[in-house]
2 protein chains.
Amino acid sequence: MVTIADVARHAGVSVSTVSYTLSGKRPISASTRERIARSVAELGYRPNATAQALASKRTNTLALMAPLRADNNVPVIMQFVAGIAAAARDHDHDILLLTQSEGVEGVRRVRETALVDAVIVMDIEADDARLPVLRALGLPAVLIGTTQKAGGLVWVDLDFARAAEACVEHLVELGHGSVLMLGSPGAVYERRSGYALAFAAGFESAVRRHGIDGRWCPSEPAYQAASALLERELAKRPRPTALVVHNEGILGAVLGTLRRLDLRVPEDISVVALCPEQTAVNQVVELTGVAVPAEQIGRAAVEMVLRQVDGDGTAQTRLIAPELTIRQSTAARHA
Amino acid sequence: MVTIADVARHAGVSVSTVSYTLSGKRPISASTRERIARSVAELGYRPNATAQALASKRTNTLALMAPLRADNNVPVIMQFVAGIAAAARDHDHDILLLTQSEGVEGVRRVRETALVDAVIVMDIEADDARLPVLRALGLPAVLIGTTQKAGGLVWVDLDFARAAEACVEHLVELGHGSVLMLGSPGAVYERRSGYALAFAAGFESAVRRHGIDGRWCPSEPAYQAASALLERELAKRPRPTALVVHNEGILGAVLGTLRRLDLRVPEDISVVALCPEQTAVNQVVELTGVAVPAEQIGRAAVEMVLRQVDGDGTAQTRLIAPELTIRQSTAARHA
DNA sequence: GGCGGCTGTCGAAGCGCTTCGACAGATGCT
DNA sequence: AGCATCTGTCGAAGCGCTTCGACAGCCGCC
């Protein structure tokens, strides 16, 4: 491996001159700059990342704690991760992947061993144990997702409450007065994932504000379970004329069951989904709905966390406005 | 941050003694070992990972190059990543996440900047440009997936050819003489992903060996596209009495279309799928099929790569036998 | 009783880089 | 002309750890 000393020798300058040339932290004459550039190219020099990290106290690495469970919103998680990884590389940083299961200890470890400069934490729960630790460690951090107890920490997220409201409002405008929301699996609510709670809360408040009939329930991904649940709910009075689905895993079951019950979408019943665009479009009827702008949020998270690393104190939390895309699964209520 | 020198001072020993105690590389008396342990605990000492890496030339970090695209087998990818991350932590290593799009340069970079000890590369293509680079760099590496040009490199993968054969054989045993295989999206074959080619080749050879009628075609995930394709193919003679689906994204479309055509599964037509168990079970009919043992492969990859790092030259490539699980979507052909 | 061989510990030399302070020489000002 | 000021470069001191060689003290052995 060629070192900075090799480059210095080859270019006939001192090691520090090479370092300053590479970092641009001190003025260097054009001629030596060129000579060094040539030596670097000729020798194929690449600074040793660990030596650089040790000396500069910057690893140029970001920890990303992602929920890698076999949940149902895997594609969304993947989009987040992809967006974050790409954004990090754009800023010349790498991603160290931590799993949610490492929890508090994972955060503590990467901080105390000085492995990373900052951490991005996904899937925040209402009483997330990692939050007090993040505050205590003083490690630059950004949350993707939020909770009321996030005070003092910087976060970015889709405005799930308004996303739910947007769905309800769209249906209200179409004249629907009875809406059923099929939520995420029960486990998601049990662990009190911020996004699920926010969506449910947004749904409830929108329903109340518009004075319509609206109820919701968690739903498990297995086809038969989802199907049975839907059928049971549709048997209740008043019978829902529209569905809001916050669970991409059951979309197939929902649409299949509606067909079995001879309910046409959107003529007999409207469906709005919160899911990636790809998923919405791949259903038998292209679904109206809100997508999580995962890539965008991921990029924002990286930029926000790097700003903290660079000591820009003006940390700003960001709540991203939902965008409802109207496709073919919603229509005015007739009857 | 507390350093090893602080611990040494606190315990009244030299720095090297602390180091040897922690690493166990030299015998230390029980009494000083205890004293040091107490100091470590009391001061909350954690070795600085970058200093450790610089001095020992081991980062305890593995690069994982994963295809984070919005493809259709996202859940499988996620399982691989989760398995790898967990296994790495079990061996006290971390994962540095690289995206497929970083390609050859990504591999070169992590090697030449000494960021990682080894690399795990996923989704190998027939003429993968990364393979010659891996060979040239001499960086410990394991491929997940393979190609004929993998010579000299260590890899691990599900035996996709035999997986396809297992599917065909199961159908042949049930008396099916005409089988249609619906493959992955065209783009997957265009980039010549090893697993897709292997599955298709295995399908073709099994069909030939059993002397049955069998054909296959790529299929895009959009519902209408998949549905139209299936309908078109079912109109051909001889009409397939069984389907093999190597594309989890179209399972909903396939089952929905079959129902629309009044073909009952499995009475009128059998369906076998290559997809995660979770996906197989969440369909309207629980699907017979082969699952990719992603977690298991991921763990194997980590262990194989660490063995290389530790200089165990007996590198062994591993081809994992497929397991077909019979559920409710296949039945003997009647008529 | 003297010697070889252990065992347990220490000091010091790196690992490859960044950064601080110093300073020679060129430049601008009065 | 003389002084202050830049500009460009250098040497050296770390960053926090590992590891090599040295060696003191101890044991058992002939």
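Read on for a plain summary of the structure. All values reported here derive from a predicted model rather than from experimental measurement. (Residues numbered from 1 in each chain as written. Chains lettered and ligands numbered in written order. Predicted model: local features only at pLDDT ≥ 70, side-chain atom pairs only at ≥ 80, totals over all residues.)

1. Some thoughts on the protein's contact with DNA strand C
Working step 1: Lining the immediate environment of DNA strand C, one finds 30 residues, of which I4, S16 and A55 of chain A together with S16 and P27 of chain B sit closest.
Working step 2: For the surface near DNA strand C, the elements supplying multiple residues, two or more each, are α2 (15-23) and α4 (49-56) of chain A together with α2 (15-23) and α4 (49-56) of chain B.
Working step 3: Per-element tally for the surface near DNA strand C: the top contributor is α2 of chain A, with six residues.
Working step 4: Among the residues forming the surface near DNA strand C, the class breakdown is 16 nonpolar, 12 polar and two charged. (Near = placed C-beta within 6 Å. Helix = DSSP H or I, 4+ residues; strand = E, 2+ residues; numbered from the N terminus. Nonpolar A, V, L, I, M, F, W, Y, C, P; charged D, E, K, R; others polar.)

2. Some thoughts on the interface of chain B and chain A
Working step 1: The interface of chain B with chain A comprises 41 residues on the first partner and 41 residues on the second.
Working step 2: In terms of residues, the side of chain B that touches chain A owes the most to one element, helix α5 (residues 74-90) of chain B, which gives nine residues.
Working step 3: The residue makeup of the side of chain B that touches chain A, split by class, is 24 nonpolar, 12 polar and five charged.
Working step 4: Here strand β2 (residues 94-99) of chain A pairs with strand β2 (residues 94-99) of chain B via three bridges, running antiparallel. When the bridges of β2 of chain B are listed, I95 of chain A appears paired with L97 of chain B. (Contact = placed C-beta atoms within 7 Å. Pairing = 2+ DSSP bridges.)

3. Side note on the relation of the copies chain B and chain A
Working step 1: Between chain B and chain A, which share one sequence, the superposing operator has a rotation angle of 180° and an axial displacement of 0.0 Å; the RMSD is 0.0 Å. Taken together, the rotation and translation describe the operation of a two-fold axis. Among all residues of chain B, the one whose C-alpha sits closest to the rotation axis is L96 of chain B, at a distance of 2.3 Å. (Least-squares fit on C-alpha atoms with pLDDT ≥ 70 in both.)

4. Comments concerning the protein's contact with DNA strand D
Working step 1: If you check the shell around DNA strand D, you find 31 residues, and the closest are S16, T17 and P27 of chain A together with I4 and S16 of chain B.
Working step 2: Split into classes, the residues belonging to the surface near DNA strand D amount to 17 nonpolar, 12 polar and two charged.

5. Quick look at the pairing of strand β3 (residues 118-122) of chain A
All names here are of chain A.
Working step 1: With respect to burial, β3 is a largely interior element, five of its five residues being buried.
Working step 2: A two-sided burial pattern is seen for β3, the buried positions comprising A118, I120 and M122 on one face and V119 and V121 on the other.
Working step 3: As paired elements, strand β1 (residues 61-66) and β3 share four bridges and run parallel to each other. Opposite A63, over in β3, you have V119 as the bridge partner.
Working step 4: Crossover handedness for the path β3 to helix α7 (residues 130-137) to strand β4 (residues 141-144): right-handed. (Buried ≥ 20, exposed ≤ 12 C-beta atoms within 10 Å, placed from the backbone. Right-handed = clockwise from strand over helix to strand, strands pointing away.)

6. Looking at the sheet that holds strand β7 (residues 213-217) of chain A
Residue and element names in this part refer to chain A.
Working step 1: Spatial strand order, β7-β6-β8-β9-β10-β12: six strands in an open sheet with mixed pairing. Strands at the two margins of the open sheet, each flanked by one partner only, are β7 and β12 (324-325).
Working step 2: Sheet analysis places strand β6 (residues 178-182) next to strand β8 (residues 242-245), joined by four bridges and oriented parallel. Bridging from a neighbouring strand, L182 pairs with V245 of β8.

7. Some points on helix α6 (residues 103-112) of chain B
In an α-helix, one full turn covers 3.6 residues, which means residues spaced three or four apart are oriented alike.
Residues and elements named next belong to chain B.
Working step 1: Residues of α6 that are buried include every one of G106, V107, V110 and R111, and no others. Down the axis of α6, the buried side of the element spans an arc of 125°, and every buried residue falls inside it.
Working step 2: Trailing α6 by a residue or two, A114 shows a phi angle of about 60°, which is positive. (Arc of directions from axis to C-beta.)

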